[in-house]
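Listed below, chain by chain, are the residues.
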Amino acid sequence: MAKAARFQRFTNPDSVSHVDPPLLLRLLERYRAPLTPLGIFNDSGIDEIAFNRMLANITTEVPDSLVNELSVIGELSPSSNYDRLHSTAVNLDLDIPDDPSAADLVVVLLLDGPDALERIYAEQIPLARRKFRSYLALTDNPLPVKGVPDHVSEMLRVALEEQFEALGRGRGVRVYPVSGVDGFRVMIRRGEAVQREATIDPVSGDTKHIAFRPQRFDAVIYKAREGELQVNAKRDADVIPYLEAIGHYIFNDPTLFLGEGLPARYTLGPIVDQGEACLTIGDVPELSGAWLTSVEWSHGKSSGMFTRKRSPDVFHVMAMENDRIPRHVKLVTASFRLRFLDGRETPVRIVLPNDAVLGRETAAEVVMRWLTLRGFVLGREGATNGLTRTLLAAA
């Protein structure tokens, strides 16, 4: 079983999976002293398993500068950025590997053109998102599970691989569990459906076709204190299978987290009850400002109507127009903009009942603390009140 650790951050291994190994080694060599005790390096270069475990569990031993660099690689590697990254590296006359990926170009610029990369990164920050769906265990008290034994991890891997293969997404599933002081984290590597694309041979100019199976990583996080399972999956259709598999193999109950829609994890009540006061930041020293940027509410199932207000500062605009949010409506989603003391900003979106869409992952801990202090995150007791009444009514 993995060594216990206090984790608050993780970096998706998918973000660096397309980096050329020699480039990745050059990036990590600058941190050899703090990374050597983590087993990152071996005789042939980088130990893949140790490296993925480190990404799944960003501890205090991992330098913050490396965490930020790995986050930058993930955020700037989409193919839509390729031309910009490539032209920038060429204009700076940097040493570029043959047939580089977008991730390769990000690393080259990180190492040899950081100022240019910073300009590109600043333009892309608003595009980064990380979506977590939260589910509370259907028990009276949280289950104090804080680790995943190796044999359980293997059973989970086999079950998920069978499932993904049946869905046409191939084999090769890997499961990376990390135990912690208040729960555990599981990073899951899986494949997507095979894709076939036309390419242009750089020498002959002829059209060629390649077939490949994209690699993806999902994350499942269990917080024992609240009995909460958080799922970060790229495909909505994979969420329920993850809930069932984690419940079955780790908690011996496949239905443990399947009360979807019953125990809500979030509420938007403070927006109506407190108005602009719900944006207070005085008790979160890392923040310098908070704004409500959009809010949407339903007028009831019978009408099927929704109203959405959107502005850089919704409360200010509504006050100027002598408008307000009706108290009888049901809020369904809201977005916020948080500014840090160093000027960085990050978007936050809450979609009831269980979804939180965060900006940069390195800001997640501060964002969740602010949401909790402002009353947007329901504690276990408040979140399960409705569940208890529902179960009693059905008995």
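(A) Quick look at the overall build of the protein chain. When helices and strands are tallied, the protein chain shows 13 helices and 14 strands. Across the 395 residues of the protein chain, 49% fall into the buried class. Partitioning the contacts of the protein chain with sequence separation of at least 6, the portion at a separation of at least 24 is 65%. Element-wise, carbon and sulfur atoms account for 51% of the exposed surface of the protein chain, whose accessible area totals about 19,700 Å².

(B) Layout of the packing of aromatic side chains. Overall, the coordinates contain nine aromatic pairs when judged by the stated rule. Where Tyr222 meets Phe251, the ring centres are 4.9 Å apart and the plane angle is 65°; that geometry is what we call edge-to-face. Residue Tyr222 is located in strand 8 (residues 215-223), and its partner Phe251 is located in helix 9 (residues 239-251); the two are separated by 29 residues in the primary sequence. For the residue pair Tyr222 and Phe251, the accessibility class agrees, reading buried in each case. Ring geometry for Phe251 against Phe257: centres 5.3 Å apart, planes inclined by 75°, an arrangement best described as edge-to-face. Looking at Phe251, the relative accessible area reads 11%, which means it is buried.

(C) Main features of the environment of Asp140. Tracing the backbone through its elements, the reader meets Asp140 in the loop between strand 3 (130-136) and helix 8 (150-166). For the pair Asp140 and Gly227, spaced 87 residues apart in the sequence, the C-alpha separation amounts to 9.8 Å.

(D) Layout of the nonpolar core. In this structure, Ile271, Leu292, Ile325, Leu331, Phe336, Trp370 and Leu371 are the most contacted members of the largest nonpolar core, which totals 38 residues. Put simply, the parts of the chain that give this core at least two residues each are helix 10 (269-274), strand 10 (287-298), helix 11 (314-320), strand 12 (330-340), strand 13 (345-351), strand 14 (355-358) and helix 12 (364-373). The biggest single contributor to this core is helix 12, with six residues. In terms of nonpolar packing, the next biggest core, distinct from the first, is built from 37 residues, Leu23, Leu27, Leu28 and Leu109 among them.

(E) How the structure looks around helix 12. Where helix 12 is concerned, the buried positions are Ala364, Val366, Val367, Met368, Trp370 and Leu371. On its buried face, helix 12 sits against strand 10, strand 12, strand 13 and strand 14.

(F) Looking closely at the packing of helix 4 (residues 64-76) against helix 6 (residues 102-112). Taken N-terminus to C-terminus, the directions of helix 4 and helix 6 make an angle of 140°; their axes are 9 Å apart at the nearest point. Here helix 4 is positioned oblique relative to helix 6, judged by the angle of their axes. Crossing angle aside, the handedness with which helix 4 passes helix 6 is right-handed. Two secondary-structure elements touch here, helix 4 through Glu69, Val72, Ile73 and Leu76 and helix 6 through Ala103, Val106, Val107 and Leu110. A class-by-class count of the residues in the contact of helix 4 with helix 6 yields seven nonpolar, no polar and one charged.

Quick notes on the rules
- Residues numbered from 1 in each chain as written.
- Predicted model: local features only at pLDDT ≥ 70, side-chain atom pairs only at ≥ 80, totals over all residues.
- Heavy atoms only, no water.
- Helix = DSSP H or I, 4+ residues; strand = E, 2+ residues; numbered from the N terminus.
- Buried < 20%, exposed > 50% of the residue type's maximum accessible area, 1.4 Å probe, protein only.
- Contact = heavy atoms within 4.5 Å.
- Areas by Shrake-Rupley, 256 points an atom, 1.4 Å probe, with all protein chains shown as cover.
- Phe/Tyr/Trp six-rings, centres within 6.5 Å; stacked < 30°, edge-to-face > 60°.
- Core = buried A, V, L, I, M, F, W, Y, C linked by side-chain atoms within 4.5 Å.
- Axes fitted to C-alpha atoms, helices over the stretch in contact; angles between N-to-C directions.
- Parallel < 35°, antiparallel > 145°, perpendicular 65-115°, else oblique.
- Left-handed = near helix turned anticlockwise from the far one by under 90°.
- Nonpolar A, V, L, I, M, F, W, Y, C, P; charged D, E, K, R; others polar.

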